[in-house]
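# Chains, contacts and geometry: an overview
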Amino acid sequence: MPDDVNATHVADYSGSEQLIARAKEFAPGGVHTAIRNIDPSLCFQRADGAYIYDMDGNRYIDYHAAFGPFVLGHCYPSVTERVREAIGHSDLFGVGATEGEVELAEKVVKHVPSAEKVLFCNAGSEATYHAIRVARAATGRKLIIKFQGCYHGWHGYVLRNMLSPEDKIGQRDPGSEGMLDEEIDSTLVCTFNDLEEVQQTVDDHRGEIAAIILEPIPHNIGCILPKQSFLEGLRKLCDDEGMLLIFDEVITGFRHDLGGYQKISGVIPDLTTMGKAMANGFPMAALAGSADVMDNFNTNPSGKVFFAGTYNGHAGSVAAALATIEELETGKVHEHIFRLGDRMRNGLENILERLDLIGTVSGFGSVYTLYFTDGPVENYTDLMRNNAESYVQYRQNLLEHGVFEMPMNLKRNHISYSHTEQDIDHSLEAAEASLKKLYKR
Ligand SMILES: Cc1ncc(COP(=O)(O)O)c(C=O)c1O
């Protein structure tokens, strides 16, 4: 990272380019998750705390955080040591329970208000899949409601109306070919923060809707803050209409509070999905909820809803989650990342004001983003005013100053316990230089 923020970062990406070219010979597009291909086509080889290093040795302050798991920072010593210790003497038995699983389940139940019982799996997509299936079984109903712009994983129950083009907002917008019409059409789409529209949708399908699923803060489109009355209204509507409320806390869980955003808002869902920050980068996810709903799973002898996974409760992931949660339990992590989040957001607002630019800084706790539009931003439709080209170009400019915010439209940024005030201040200087370059000031 150059000390002089105006100095251009070593813009040699030849090592990354060579690797991605080789990767493309063996994997479609060379990457193993959609949208890992970016411009410039960077590949990384080393990570340490707040920093990642590309194939050419360029160092970046990392705010992408691999889409969010790193709440402590990369290769965090207490996590990697705990994992090393665990996998030195065990791995996977595929039978019975392990002490680690029990300890972790106790912690989830203790911290997450909606969690009376919990089941572990490996990815957020699995958790949301199980949540919806058990909601259908428990209510005997077929339909679910999701919100435009929210992402809940790659499976057919929820893969529609994510980053929709303007003319498809709220319309039929499946996220993939190969989906069944029935799964697409069994998911209804509403506007976030618009309780009246949800009420109308429920009225139109009375007695048919099993569940409402939402990201309590839709971080998959940056950071749209929920109106408290919206969350409370959803809770009441679900109670009145016999539907289950599912909070997808795969991003907000553990990162914003040990008890997730439900703890902060006081709105308690029936089911909660968790992942990402739960194990600081190791594959771990969870589904939790009230005992009467969770006991429908056939891990319970009388349960009728199938639940399985060869790698569920792997010793390495369980150890990572326990070590991460223990760090969060000290209270120091949230104090630090919230303080740095405020520093970043205030700093960005100051820059906009000083340079007399239009923009909206949004965020919560350790998450922030800078939209290239004026406010207010309350739902996905409002984000159609965001200038996508400027958003991406600004993030490409940041790379030259050793700051990595995913250079794609509507991506949020994450601060970890490993980031320092100096990292934030350097990033703010980089932001100012990048905005000046963008607007030719
Ligand atoms: C809110 C939310 N739910 C679910 C998922 C799916 O999680 P995974 O990628 O671990 O399957 C994601 C992934 O980004 C997410 O952001």
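These notes cover the structure that comes with them.

Conventions used here
All residue numbers refer to positions counted from 1 along the written sequence of the respective chain. Local features are withheld for residues below a pLDDT of 70 in this predicted model, meaning they are given only at 70 or higher, and side-chain atom pairs are given and counted only at 80 or more; totals for whole chains, interfaces and linings count all residues. Based on all heavy atoms of the structure, the side-chain values leave hydrogens and waters out of the count. Pairing between two strands is assigned when DSSP locates at least 2 bridges connecting them. Note on conventions: DSSP H or I runs of at least 4 residues are helices, E runs of at least 2 residues are strands, and numbering of each starts at the N terminus. Expected helix span is computed as 1.5 Å times (number of residues minus one). Residue proximity to a molecule or strand is established when one non-hydrogen atom of the residue lies within 4 Å of it. The term polar contact refers here to a pair of N or O atoms within 3.5 Å; inside protein, the definition further demands a hydrogen-donor-capable atom paired with an acceptor-capable atom, and it admits residues adjacent in sequence only when both atoms are side-chain atoms. Any residue that is not Ala, Val, Leu, Ile, Met, Phe, Trp, Tyr, Cys, Pro, Asp, Glu, Lys or Arg is counted as polar, Gly included; the first ten are nonpolar and the last four charged. For this document, the term salt bridge refers to a Lys or Arg side-chain nitrogen within 4 Å of an Asp or Glu carboxyl oxygen. Type-normalised accessible area, obtained with a 1.4 Å probe on protein chains alone, sets the label of each residue: buried when under 20%, exposed when over 50%, and partly exposed for intermediate values. Charge assignment: positive for Lys and Arg, negative for Asp and Glu; neither His nor the chain ends contribute. Between two residues, a contact is recorded if the distance between any of their heavy atoms is within 4.5 Å. Where helices are involved, their axes are fitted lines through C-alpha atoms of the stretch in contact, as for all axes, and angles between N-to-C directions lie from 0 to 180°.

Next up on the list: the pairing of strand β3 (residues 59-62). Two elements, strand β2 (residues 51-54) and β3, share three bridges in a ladder whose sense is antiparallel. Residue pairing across strands places Ile 52 opposite Tyr 60, the latter belonging to β3. Joining the antiparallel neighbours β2 and β3 is a turn of four residues, in which Gly 57 adopts a positive phi near 85 degrees. Where β3 meets strand β13 (residues 403-404), two bridges bridge the pair, whose relative direction is parallel. Looking at β13, one finds that Asp 62 is bridged to Phe 404.

End to end, helix α11 (residues 332-355) covers 35 Å across 24 residues, agreeing with the expected 34 Å (1.5 Å per residue, within 8%). Following α11 by one or two positions, Asp 356 adopts a phi angle in the positive range, close to 55 degrees.

The next thing to look at is the site of the ligand. Neighbouring the ligand are Ala 123, Gly 124, Ser 125, Tyr 151, His 152, Gly 153, Glu 215, Asn 220, Asp 248, Val 250, Ile 251 and Lys 276. In the model, an oxygen atom of the ligand is placed 2.6 Å from a nitrogen or oxygen of the Ser 125 side chain. Contact distances for the ligand include 2.6 Å between a nitrogen atom and a side-chain N or O atom of Asp 248. Taken together, the residues of the shell around the ligand sort by class into four nonpolar, five polar and three charged.

On to the pattern of salt bridges, then. Across all of its chains, the model carries 23 salt bridges by this definition. Here Arg 345 and Asp 342 are joined by a salt bridge, their closest N and O atoms 3.0 Å apart. Placement of the pair is Arg 345 and Asp 342 together in helix α11, with a separation of three residues, close to one helical turn. Classification of Arg 345 as buried rests on a relative accessible area of 11%. Assessed through its relative accessible area of 41%, Asp 342 is described here as partly exposed. The partner of Glu 432 in a salt bridge is Arg 354, and the shortest N-O contact between them spans 2.9 Å. Of this pair, Glu 432 sits in helix α13 (residues 421-438) while Arg 354 sits in helix α11; the two residues are 78 residues apart in sequence, bridging distant segments of the chain. When its relative accessible area of 54% is taken as the criterion, Arg 354 is described as exposed. When salt bridges with common partners are traced through the structure, they connect Glu 335, Arg 339, Arg 343, Glu 421 and Asp 425 into a single cluster.

With that out of the way, let us pick up the side chain of Glu 327. Along the polypeptide, Glu 327 turns up in helix α10 (residues 315-329). For the buried Glu 327, no salt bridge is present, and the opposite-charge side chain at shortest range is Lys 332, 7.5 Å distant. Side-chain polar atoms of Glu 327 contact the side chain of Ser 78, separated by 2.7 Å. With near-sequence residues (within four places) excluded, Glu 327 lies in contact with Leu 72, Tyr 76, Ser 78 and Val 333.

What follows concerns the sheet that holds strand β12 (residues 367-371). Taken in spatial order, the three strands line up as β11-β12-β14 in an open sheet, and their pairing is antiparallel. Two strands bound the open sheet, and with one partner strand each, they are β11 (360-364) and β14 (413-414). Two elements, β12 and β14, share two bridges in a ladder whose sense is antiparallel. Across the sheet, residue Tyr 368 finds its bridge partner in β14, namely Asn 413. The strands that helix α12 (residues 388-399) touches are β12 and β14; relative to β12, the one it contacts most, it runs at about 120 degrees.

Glancing now at the sheet that holds strand β7 (residues 209-214). With mixed pairing, the seven strands of this open sheet are ordered in space as β4-β10-β9-β8-β7-β5-β6. For this open sheet the edge positions go to β4 (117-121) and β6 (187-190), each flanked by a neighbour on one side alone. The mean angle between the axes of side-by-side strands here comes to 20 degrees, regardless of whether they run parallel or antiparallel. Bridge count for strand β5 (residues 143-147) against β6 is four bridges, and the pairing is parallel. Each bridged residue has a counterpart across the sheet, and for Lys 146 the counterpart in β6 is Val 189. Where helix α6 (residues 195-204) meets the sheet, it contacts β5, β6 and β7, and its direction lies at approximately 150 degrees from that of β6.

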